[in-house]
Amino acid sequence: MNNKKEANRYDKIFKENLEAVTLSMIEKVLRIDVANYEKIPLDLQRTLERKPDQLLKITDRQGDTFLLQLEFQLVDEARMVDRMFEYKALIWRKYQLPIRQYVLFLSDTVPTMPTRIEQHGLVFFFDLVRLSLIDYQLFLSSDKADEVVFAVLANFGNMEPEKAASQILDRLTQVSPTPLELNRHLQQLRILANLRKLSPFIEQIMESITNYIKEEDDYFFKKGERIGEQKGRQEGRQEGLQEGKQEGKQEAILKFLKDGILTTKQLASYFDVTEEFVEDLRKSLDK
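Residues numbered from 1 in each chain as written. Predicted model: local features only at pLDDT ≥ 70, side-chain atom pairs only at ≥ 80, totals over all residues. Heavy atoms only, no water.

## A short note on the overall build of the protein
To keep things clear, this is the line we draw: Secondary structure is summarised from DSSP: a helix means a run of H or I of at least four residues, a strand means a run of E of at least two, and numbering begins at the N terminus for each. Each residue is placed in one exposure class: buried if its accessible area under a 1.4 Å probe, protein chains only, is under 20% of its type's maximum, exposed if it is over 50%, and partly exposed if it falls in between. What sets the accessible areas is the Shrake-Rupley method with a 1.4 Å probe; for residues, cover comes only from the shown protein chains.
Across its full length, the protein holds eleven helices and seven strands. A total of 287 residues make up the protein; the buried ones form 46% of that total. Here the protein displays about 15400 Å² of accessible surface, and carbon together with sulfur accounts for 47% of that area.

## Concerning the environment of Gln 250
For the record, the criterion: Contacts are assigned to residue pairs that have any heavy atoms within 4.5 Å of one another.
Note that Gln 250 resides in helix α9 (residues 234-259). Here the alpha-carbon distance between Gln 250 and Phe 271, two residues 21 residues apart in the chain, equals 9.1 Å. Residue contacts for Gln 250: discarding those within four places in its chain leaves Phe 277 and Leu 281.

## A short note on the sheet that holds strand β3 (residues 65-73)
For clarity, the threshold we go by: Note on pairing: DSSP must find at least two bridges between two strands before they are called paired. Interaxial angle, 0 to 180 degrees, is taken between N-to-C directions of lines fitted to C-alpha atoms, where a helix line uses only the stretch in contact.
One open sheet holds the five strands; their spatial order is β1-β2-β3-β4-β7, and the pairing between them is mixed. Two strands close off the open sheet at either side, each with one partner strand: β1 (34-39) and β7 (127-130). Looking at each pair of strands side by side, their axes are set apart by 30 degrees on average, direction ignored. Contacting β2 (54-60), β3 and β4 (99-105), helix α2 (residues 80-95) crosses the sheet at an angle of about 150 degrees to β3.

## Some thoughts on the packing of aromatic side chains
Applied cut-off: Note on aromatic contacts: the rings of Phe and Tyr and the six-membered ring of Trp form a pair at centre separations within 6.5 Å, being stacked when their planes are under 30 degrees apart, edge-to-face when over 60 apart, and tilted otherwise. Definition used: whenever NZ (Lys) or CZ (Arg) falls within 6 Å of the ring centre and also within 35 degrees of the ring normal, the charge is taken to sit over that ring.
By the definition in use, this model includes three aromatic pairs. Aromatic side chains Tyr 136 and Phe 156 sit 5.3 Å apart centroid to centroid with 75 degrees between the ring planes, which places their arrangement in the edge-to-face category. One end of the pair, Tyr 136, is in the loop between β7 and α3 (137-140); the other, Phe 156, is in the loop between α4 (145-148) and α5 (161-175), and 20 residues separate them in sequence. Positioned over the ring face of Phe 66 is Arg 100, at 3.7 Å from the centre of the ring.

## With respect to the side chain of Gln 69
Under the convention used in this document: Each polar contact in these results corresponds to two N or O atoms within 3.5 Å; when the atoms are within protein, one needs to be able to donate a hydrogen and the other to accept it, and residues that are neighboring in sequence are counted only if both atoms are side-chain atoms.
Along the polypeptide, Gln 69 turns up in strand β3. Within polar-contact distance, the side chain of Gln 69 engages the side chain of Glu 71 at 3.0 Å. Contact partners of Gln 69, with chain neighbours within four places excluded, come to Pro 52, Gln 54, Leu 55, Met 84, Tyr 87, Ile 91, Arg 100, Gln 101 and Tyr 102.

## Quick notes on unusual backbone geometry
One non-glycine residue, Arg 31, lies in the positive phi region at around 60 degrees. Owing to a relative accessible area of 65%, Arg 31 belongs among the exposed residues under this scheme. With a phi close to 55 degrees, Gln 96 is a non-glycine residue in the positive phi region.

## Some details on the nonpolar core
Using the following cut-off: To define a nonpolar core, start from buried Ala, Val, Leu, Ile, Met, Phe, Trp, Tyr and Cys residues and group those joined through side-chain atoms within 4.5 Å.
Core analysis: the largest hydrophobic core is formed by 45 residues, its most contacted members being Leu 30, Ile 32, Leu 68, Ile 168 and Leu 172. Here this core takes six residues from helix α6 (residues 179-193), the largest share from any one element. Not counting the four nearest positions on each side in its chain, Ile 32 is found in contact with Ile 26, Glu 27, Ile 58, Phe 66, Leu 68, Arg 100 and Tyr 102. Listed in part, the 15 residues of the second largest apolar core include Leu 55, Met 80, Val 81 and Ile 91.

Take a look at the structure:
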């Protein structure tokens, strides 16, 4: 996969989740105490190669009003400072308000991009924030799944990556409102985990879970549909569907128990069964 295509995959995730997490990102990561905010149109000039990722009009609790520009950057771009300078000039010309600019760097490498321009008659700079230095607990504690996924890009501190990933997975199952949403966030997590170069153990968790949790087209549905169709009647089909899905869950849980990569609590949550059900299956493996 080339760098441009890879960057587009990560960019898509941030665009999908940005609406839900903008405020918490501003408050938790940038430490801006927001009283209220509104989105600002991004059509600054048609001559720009691209639009700002996010432009907001902020009023903080001290009564200061300013424009906040956020850029999510994967690549260590040497000319980023030129682009940010161009953005600032156009934003200032159109809105005539104080401007604060932040680039949130997503990779766990150390960026070398310049952040300042200093020459006769001009001093310009933007703030560069490395997400890999932010405590992952800030994202993990959120009740929004769109925000929790960003924990995988943050700093695990002394926590082993495997344990941190397990915590993130556990939290996602708690706050994702539907299996479909959970599956979407797990897919996002798999992609973002590549930025951290996580161990094969963690990728095994991601791949195993997303193989089973899907809506309408999942393993359980297909297995249940086959059993139900054999019954021949609509009532039997529905009964068989439920029976098959239960059997499918049982097979999947047994597989995870044999692999030993998830806890009883996580399995119960992922597959919507009781912890007692999982423990009974665990005991059956010992017989």
